[in-house]
Each structure stands twice: as structure tokens, then as C-alpha cells.
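# Understanding the architecture of this molecule
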Amino acid sequence: MIVDRDGRGVGEVVVAAMPAAVIPGAAPDPKPAVMDQRNLEFVPRVLAVAVGTSVEFPNNDSVSHQVYSFSPAKRFQLPLYKGQTHPPIIFDRPGLVVIGCNIHDAMVGYIYVTDAPYFGITAAAGGLTLKDLPKGDYRIAVWGPYIADAPASLVRTVHVDGDEGATARVQLSLALRARPEPRPRRRDWEY
Amino acid sequence: MRWVQRLVPWTFMLWTAGAAAQDSLTVNGDIDVRWVQASGVTSFLNGGLGLLRFDPDHEGIRLGRAFLAPNWRATDIVSVHAVIDAYDDYHERNAVDVSEFYVDVRPFPTGPIRWRARVGAFYMPVSLENRGIGWTSVYTITPSAVNTWIGEEFRTIGAEVEARWLGASSGYLGEVAVVAAAYGWNDPAGVLLASRGFGLTDRPSTLFGGLGRPPIEFYHEIDRKPGYYGGLSWKHHDWLEVRALRYDNHADPGAETDAGGYAWQTRFYSLGASVEPSEHWTLIAQYLNGNTAVGAGSQQFYMRFHADFALASFEWARERLTLRYDNFDTNQVSGFFFGPPSDETGHGWTLAWSHQSGEHWQFVAEWLRVASDFPPRIALGESAALVESQFQLAARYRFRLAW
């Protein structure tokens, strides 16, 4: 559970659980993922994937997009024109990849590439349940595009004990950065 | 300007050739038909000194504008844009003309700075109001006095370079951009302000046509000296945008052509801000201040000018309601132009309601009232002080074609 400094849940936050001890077979083959483009937005805006995951970028808008990243974890340029398909991009290094569109500067997406075997993204109310974690100690890392707290200050250690599972509540100490609101604008007639 | 005329047919040939690639050519189009009722004196566009687009002799059903805006993607980073317009007030000039024609080069960013260059003929990046294709406002039919004037007298015919810092990779949801341009063929800019003062019309000039009767042309190189502008813009999150621009056409006010064309040395700065405090509201203000000079020596005509506006717009579902207040003045400091000095003062109110119907249709009702004082009207046998109003109902059909 991720809550802001006033105790309200925070969505679109990546939570990654790294076991303290190596668990054999804990990192299965990464499943392909999708970051769509709809109404001049990346959907989902925040995507968490395991190292080695291939991500497809379909364009479901009536206009063209040119998706790129210059983040050290993955640099790529992907011109996505209507009616054309591209092979997926493989994210082969851990780290944060900020995705932009060279035609529409307001479009921003985030792909969090992790080598942790267990991870997910919080729902709007701030909750996330990671299932099937074997017994043991886990280091929990938290990252969100609107979180102003330093990531290192949000790391927690959690002990998972048998069938009981474990809960962790991470409260932010700094106010969230402003989050872009969905706006019903007629942007198609703007430059 | 001849090189632009030569370039146009070549580009259309290239378009046809390039259209084989998927989705490489898109054309936005707009047909805008109005029902107009107006009071006041003859519009400047029809040979008078009225500040509005229409007048009592030009009412009823009118063609607001029809345009095609082709956009050809030559490569991933190079595209060619044009706006081809048709108006019904061209007065024996080109019935169909070009108002913008430029090549846009936009390399993929390899770091937080994204470079962009435009070469050709295009509008300067000064307006927060005229964000639509072809210098159209998304808020009203008629733009403010500030942006009416920019659309009438200015086109950058040259090259512009922009460096934009994209904050997203640094965790900042915003951008800061610096822009600079060098251009020619804009030496007459300023003549309209002395001839009519500021006005409120949605009739930008085209590259090869003119405005008024007889038409004044704006795109000539007279002194063979390039002009420049430099600007700054800042976007903070998705609710604040600030733009500042300094323009100087660097004209030699003593230069003239054998055909009687004069170079007007026009300089101004503009500062504007747009705030969107919630998903429904948009607030925009812009302030422009400058001066223009023509002629040499002690007889030089020198004029100061200023215009500003504040706009509030409320958007919900398919509706948008906008109210704007305009304020403007010119002050002739020296020289002789008309006889009575070109000292204009004026203010105006604009109220517009637009309704989007489906993907293609937009209906707009706009009421506009301007009170102004301009002594040169006395030479036409009119009184200097004047109140003009105009009501328009616009039906706009918009389409987008892609190959």
C-alpha cells in the first residue's frame, strides 16, 4: 500500500520485491507487454516489466506518432505511422526508460525495467498485492513518476512468512508532483 | 518571393511521388460558411477605416474561409507543411493563395534537448490563442487585436531554430524552449498599423495577395537587410504556458523601391501567459508593445503602439464559451502620413460559443463590439469616434484525409 503524506492512496506506482536469497525458478520467462497509444496518451502511462521483456507499441490513434527514448537503460526510435506495425522493443537492462513522442511533446510514458522477480503497479487507491511469494526476506523498491521522495528513502525490507503473507505500507513524506489530468480537448485541431 | 512561387509546383510533384508511402501525406481541410450581421462603417478590407472584417454592405451569407493544409512526411524527421486558402474578399487578386509553406526538421532527441528547425514561410510562435491550423483560434472566430495584427502583417520568410529542453527525463513535467529566427521579405510590416490601426478580423494575409482596397502587400524585401526575432517559452506541468518574443525586422526606414514600396522599421516585444487551472477553464493574457518608423531625416514618421487582451474560456462536453476583452492604441510621435494623426485608441468585447457536432462539424456564434477613436476617419467624412459590432454564425466542416 502506497500512501501520500496525507494518507491517501497513490496509484501508478511501481513496487518491486527482490528476495534477499536467490530463489530458484523465481524469474520465469518474461511475458510480452504492450504500451498502447490512444487519444495522444500512452496507455498505460506507467508500465513495469522484467529485464528481457519485449514491449509492443501499437498506435491506435488516427494520427502518427514517433516514439523514442534517450534513457540510458534503453535508447530507441520508433516511427509509428498509421497502418504500419513494428517489431517489439526488447528491454534488456534494468532501469527507468522515459518514453516520449517526437510529434506530440505532451505525451510521456514510463517503462520501469526491473530484475526483481516480483513486481506490479498500484491501483488508483494505492493498493497492490503480489502473489505467490515464497517465504523469506524481501527488499521492496518503490518508484512513481509523481513521487518527489528519493527512491532510496522508500526502500523497505519485508519478511514473508508462510501462508500469512506480509503487508507493507509506505508513506511518502513529500507532496506528490502534479499529475497530468485527462482533458477533453479538441487537440486534433491544434498544432 | 519568386523562389517561393517556383517551389510550390515542385513540392506538389514531390508530394505525389512521396504519397506512395503509407500515411505519409495527410490533408486537413476546413470549409467555414457564415451568416453575418454588422453595424458600423465600411471595413478596411473593403476600402474603409472600419476595424472589423464585415460591414453593413457585406452581411448575410459569406465564405468565412476555406483551406487545405497538406502535410507531407518526407522522412521520419523532415516534413513539409502548407496552408492553401480561399476567401471571397480577394478583390481581383489570387482567389486561392498560400499563407504558409515550410519544411519542418525535427530530429529525434538523443538527450534532453530537442532541436527543431523550420525553413520557408510560417507564423512566428507568439500566440497562445491562435493554436489552430492556419492561424485559427480554438476559442473564438475572431482573434484578439494582438493576434489579428500578427496574422495580417507578419510571416517569417526565412529560417527558425528552436532548442527545447524536455523535462520529463529529469522528472520535471514541463519544457523550456529558446527560439531564434532570421528572415527577409517582411519590410512593409507596420504600414497597416499606420493606415488603419489595430483591428479585429479573422482574415490573415496570404503570401501573394494583399489586404484592403487597394490591397496593401506585406511580403517584399526592400532594404536587403534580414530581420530577426528571439523568443522564450516555458510550459509548467500541463496548466501553465508562458511565451515571450522580441521582434525586429531591422528594416532601413529610409529604404524605398521605385514602385513606391517603403521599408517600415518595426520592433515589438510580446509577453503572454495561458493558465488552465482545471479541466474546464482556460485563461489567456497577452501584452504587445513596440514602435515603427518610416522615412528618413526630420520628416520621419514614427509611431508607438500597444495592444493587450485577457480571455477566459469555459469548456464542457461539446461546448465552449469564451469572453475576451481587448485594449489597444497607437500614438504618432512625429512625421506625416494621413493628415490627421494615426492616433488610435480602442477597446472591444468578444463573446463566443462553439459547439462541436460529431467529428466533422463545428458551429460557432460570436458577438463582437469595438469602440475606437481614429482621427484619419475624418478625412473620409466620418467621425473619428466609432462603435462597431458584428454578429456571426459559423458552420465549419472539417475533414482529414490520409494516404
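Residues numbered from 1 in each chain as written. Chains lettered and ligands numbered in written order. Predicted model: local features only at pLDDT ≥ 70, side-chain atom pairs only at ≥ 80, totals over all residues.

Assigned secondary structure in chain A consists of 0 helices and 16 strands. In summary, chain A has a C-alpha radius of gyration of 18 Å against a globular reference of 16 Å for 191 residues, a match within 12%. The C-alpha extent of chain A, read off along each of the three principal axes, is 55 × 40 × 25 Å. Residue pairs at least 24 apart in sequence account for 59% of intrachain contacts in chain A once pairs closer than 6 positions are excluded. (Helix = DSSP H or I, 4+ residues; strand = E, 2+ residues; numbered from the N terminus. Rg over C-alpha atoms; globule rule 2.2 N^0.38 Å. Contact = placed C-beta atoms within 7 Å.)

Each helix and strand in chain B was counted, giving 3 helices and 16 strands. The globule rule puts the C-alpha radius of gyration for 403 residues at 22 Å, and the 21 Å found for chain B is close to it. Seen along its three principal axes, the alpha-carbon backbone of chain B occupies a region of about 60 × 50 × 45 Å. Taking contacts inside chain B between residues at least 6 apart in sequence as the whole, the part at least 24 apart equals 63%.

A few words on the interface of chain A and chain B. Contacts between the two partners involve 26 residues from chain A, matched on the other side by 22 residues from chain B. Elements represented by at least two residues in the side of chain A that touches chain B include exactly β8 (65–71), β9 (74–80) and β11 (95–101) of chain A. Top element by residues in the side of chain A that touches chain B is β8 of chain A. It accounts for 4 residues. Each residue belonging to the side of chain A that touches chain B can be placed in one class, and the counts come to 11 nonpolar, 8 polar and 7 charged. (Nonpolar A, V, L, I, M, F, W, Y, C, P; charged D, E, K, R; others polar.)

Another aspect to go through is the confidence of the model for chain A. Taken as a whole, chain A shows an average pLDDT of 87; of its residues, 92% reach a score of 70 or greater. Low pLDDT, under 50, characterises residues 186–191 of chain A; the stretch is placed with 10 contacts to residues that sit more than four places away or in other chains. (pLDDT = per-residue confidence, 0-100.)

This paragraph deals with the pairing of strand β16 (residues 385–402) of chain B. When strand β1 (residues 25–39) of chain B meets β16 of chain B, the two strands line up antiparallel, connected through 14 bridges. Residue pairing across strands places A38 of chain B opposite Q390 of chain B, the latter belonging to β16 of chain B. (Pairing = 2+ DSSP bridges.)

Along the chain, V43 of chain A connects to P44 of chain A via a cis peptide bond; the corresponding omega equals -5 degrees. Position of P44 of chain A relative to the elements: it lies in the loop between β5 (41–43) and β6 (46–50). In this model, R213 of chain B is joined to P214 of chain B through a cis peptide bond whose omega is -5 degrees. Mapped onto the elements of the fold, P214 of chain B is located in the loop between α3 (191–195) and β8 (227–236). Phi is positive for R224 of chain B, close to 55 degrees, though the residue is something other than glycine. Here R224 of chain B lies in the loop between α3 and β8. Using a count of 10 C-beta atoms within 10 Å as the deciding quantity, one classes R224 of chain B as exposed. (Buried ≥ 20, exposed ≤ 12 C-beta atoms within 10 Å, placed from the backbone.)

Let us now look at the pairing of strand β4 (residues 96–105) of chain B. Alignment of strand β3 (residues 78–86) of chain B against β4 of chain B, held across 9 bridges, turns out to be antiparallel. Its bridge partner being in β4 of chain B, D85 of chain B is matched across the sheet by D97 of chain B.

When a protein is soluble and globular, its nonpolar side chains tend to lie buried together. By size, the foremost hydrophobic cluster in this structure holds 75 residues, and its most contacted members are L52, A145, V146, W149, L193, W264 and A307 of chain B. Top contributing element to this core by residue count: strand β12 (residues 301–316) of chain B, with 6 residues. Within the second largest apolar cluster, 47 residues are counted, among which are V46, M107, Y138 and I140 of chain A. (Core = buried A, V, L, I, M, F, W, Y, C linked by C-beta atoms within 7 Å.)

What follows deals with the domain arrangement of chain A. The figure often quoted for interface size is the accessible area lost as the parts come together. All names here are of chain A. What the domain assignment reports for chain A is domain 1 (1–23 + 118–177) and domain 2 (32–116). Distance between the C-alpha centres of domain 1 and domain 2: 24 Å. Contacts between the two partners involve 11 residues from domain 1, matched on the other side by 8 residues from domain 2. Those elements giving two or more residues to the side of domain 1 that touches domain 2 turn out to be β2 (14–19) and β13 (118–121). A per-class count over the side of domain 1 that touches domain 2 returns 9 nonpolar, 1 polar and 1 charged. (Domains from an automatic or database assignment.)

Another point: the sheet that holds β11 of chain A. Residue and element names in this part refer to chain A. The mixed open sheet is built from 5 strands, whose spatial order is β6-β12-β11-β8-β9. Each edge of the sheet is formed by a strand with only one pairing partner; in this case those strands are β6 and β9. Across this sheet, the average inter-strand angle for adjacent strands is 20 degrees, counted without regard to direction. Where β8 meets β9, 7 bridges bridge the pair, whose relative direction is antiparallel. Bridging from a neighbouring strand, Y68 pairs with Q77 of β9. (Axes fitted to C-alpha atoms, helices over the stretch in contact; angles between N-to-C directions.)

Below, the discussion takes up the sheet that holds strand β10 (residues 89–91) of chain A. All names here are of chain A. Taken together, 3 strands build an open sheet; the order of strands is β3-β7-β10 and the sheet is mixed. The open sheet has two edge strands, β3 (33–34) and β10, and neither has a second partner. Across 2 bridges, the pairing between β3 and strand β7 (residues 53–56) is parallel. Bridging from a neighbouring strand, A33 pairs with V55 of β7.

With that out of the way, let us pick up the environment of Y183 of chain B. All names here are of chain B. Inspection of the secondary structure puts Y183 in strand β7 (residues 174–184). Looking at Y183, the number of C-beta atoms within 10 Å reads 22, which means it is buried. Separated by 174 residues in the primary sequence, Y183 and S357 place their C-alpha atoms 41 Å from one another. Residues in contact with Y183, not counting those within four places in the same chain, are T156, I157, G158, P226 and G227.

Note on helix geometry: an α-helix contains 3.6 residues per turn, so any two residues three or four positions apart are oriented the same way. Residue and element names in this part refer to chain B. Within helix α2 (residues 145–153), 9 of the 9 residues are buried, leaving the element largely enclosed by the surrounding structure. What α2 keeps buried is the set A145, V146, N147, T148, W149, I150, G151, E152 and E153. For α2, the elements touching its buried residues are α3, β11 (281–294), β12 and β13 (319–334).

On the secondary structure map, A244 of chain B appears in strand β9 (residues 240–248). Apart from the residues within four sequence positions on either side, A244 of chain B is in contact with G231, L232 and L271 of chain B.

Before going further, it helps to examine the environment of Y110 of chain A. All names here are of chain A. Along the chain, the position of Y110 falls in strand β12 (residues 108–114). The sequence separation of Y110 and P44 amounts to 66 residues, and the corresponding C-alpha distance is 8.7 Å. Those residues in contact with Y110, other than ones at most four positions away along the chain, are R45, V46, L96, V98, I99 and P145.

Glancing now at the confidence of the model for chain B. Scored by pLDDT, chain B comes out at a mean of 92, with 94% of its residues at no less than 70. Our summary of model confidence lists the complex with pTM equal to 0.90 and ipTM equal to 0.85.

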